[in-house]
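Structure at a glance
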Amino acid sequence: MFKLYSKKKAKQIIETYGGWITHVSETYSVPEAYIKAILYKEIIEINLLDPLADFAVKTYWVRYGLRKRLYQKGFVKRAEPRFRHGILGKKDSSTGYAQIFAYVAINAANFGADRGIATYNSLGICSDHRLSGENSDDLYMMWSLLSKDRKANIALASLNLISAAEEMNGHIDFDRYSEEEIKRTFTRYNANVRYITKYSKETYGYYLGYSGQTK
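Attention here is on the structure that accompanies the text. This is a predicted model, so every value here is computed, not measured.

1. Topic: the pattern of salt bridges
- Evaluation of the coordinates by the stated rule reveals twelve salt bridges.
- Residue Glu202 pairs with Lys41 through a salt bridge whose shortest N-O separation is 2.3 Å. In this pair, Glu202 is assigned in helix α9 (residues 198-210) and Lys41 in helix α3 (residues 32-45), connecting sequence segments 161 residues apart.
- Exposure remark for Glu202: the relative accessible area of 27% places this residue in the partly exposed category.
- Note that Lys198 and Glu202 form a salt bridge whose closest N and O atoms lie 4.0 Å from each other. Linking Lys198 with Glu202, this pair stays in helix α9, spanning four residues, or about one helical turn.

See the structure below:
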């Protein structure tokens, strides 16, 4: 499948957001090399199907917005669009440079808020309640934020990385992680499995490069 970004372009994008990555790293206490490794891996894997998936999701939420207004006025019996399955019912997609799903970002935002690492407001989220992936408005709000705000995309991906690290290793102390623990963290960022994957091995190599180490 045709990739949208070359390795050179991926590096340029990461350099462009270098200042923001440093800010996120210092704010959340996660080494820059972890964030950059994930971003690099995700960006170079973006292909033609990804913008098509984003378009399908955007189309769904446009339809949802229209139906919700009609529902509030009593013209239809439910706010959900009639077609709720297949490509016409696609509500979520991995989006942005970090290729993160809205439901994953919701869990990451709640994780950060619960532990005092971040606030909804600092993430650009206006909410007076705990976010829920079962709430259509929350899912739409998060997907829209991730697809439009590249800085928020990186911040939420970083919180997801921290959550993955805690889940897989039982603690959040990046300086103490072994090679296997780092790979498990990258694995969990990408998939809900506990074994070390090809994805995590490749990302670990990028991590070594960004941290100034050698393979």
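Now that the structure is up, let's keep going.
2. Considerations on helix α7 (residues 150-169)
- Its 20 residues give α7 an end-to-end C-alpha distance of 28 Å, which sits within 8% of 28 Å, the value for a rise of 1.5 Å per residue.
- Burial analysis of α7 places 16 of its 20 residues in the buried class, which makes it a mostly covered element.
- At the exit of α7 stands Gly170, carrying a positive phi of roughly 80°.

3. Observations concerning empty space enclosed by the protein
- Applying the stated criterion to the full structure yields one cavity of 30 Å³ or more.
- Here the largest cavity defines a volume of roughly 50 Å³.
- As for the largest cavity, its lining consists of Ile35, Ile38, Leu39, Ala98, Ile154, Ala157, Ser158, Leu161 and Tyr189.
- Secondary structure elements with two or more residues in the lining of the largest cavity: α3 and α7.
- Sort the elements by how many residues they give to the lining of the largest cavity and α7 lands first, with four residues.
- Of the residues assigned to the lining of the largest cavity, the class counts are eight nonpolar, one polar and no charged.

4. Some details on the layout of surface pockets
- The space that makes up the largest pocket amounts to roughly 400 Å³.
- If you list the elements that add at least two residues to the lining of the largest pocket, you get α5 (102-114), α7 and α8 (179-190).

Calculation notes
- Residues numbered from 1 in each chain as written.
- Predicted model: local features only at pLDDT ≥ 70, side-chain atom pairs only at ≥ 80, totals over all residues.
- Heavy atoms only, no water.
- Salt bridge = Lys/Arg side-chain N within 4 Å of Asp/Glu carboxyl O.
- Helix = DSSP H or I, 4+ residues; strand = E, 2+ residues; numbered from the N terminus.
- Buried < 20%, exposed > 50% of the residue type's maximum accessible area, 1.4 Å probe, protein only.
- Expected span 1.5 Å × (residues − 1).
- 1 Å grid on protein atoms, 1.4 Å probe; cavity = no way out; pocket = protein on both sides within 12 Å on 5 of 7 lines; lining within 4 Å.
- Points joined across faces, edges and corners; volume = space filled by probe spheres on them.
- Nonpolar A, V, L, I, M, F, W, Y, C, P; charged D, E, K, R; others polar.

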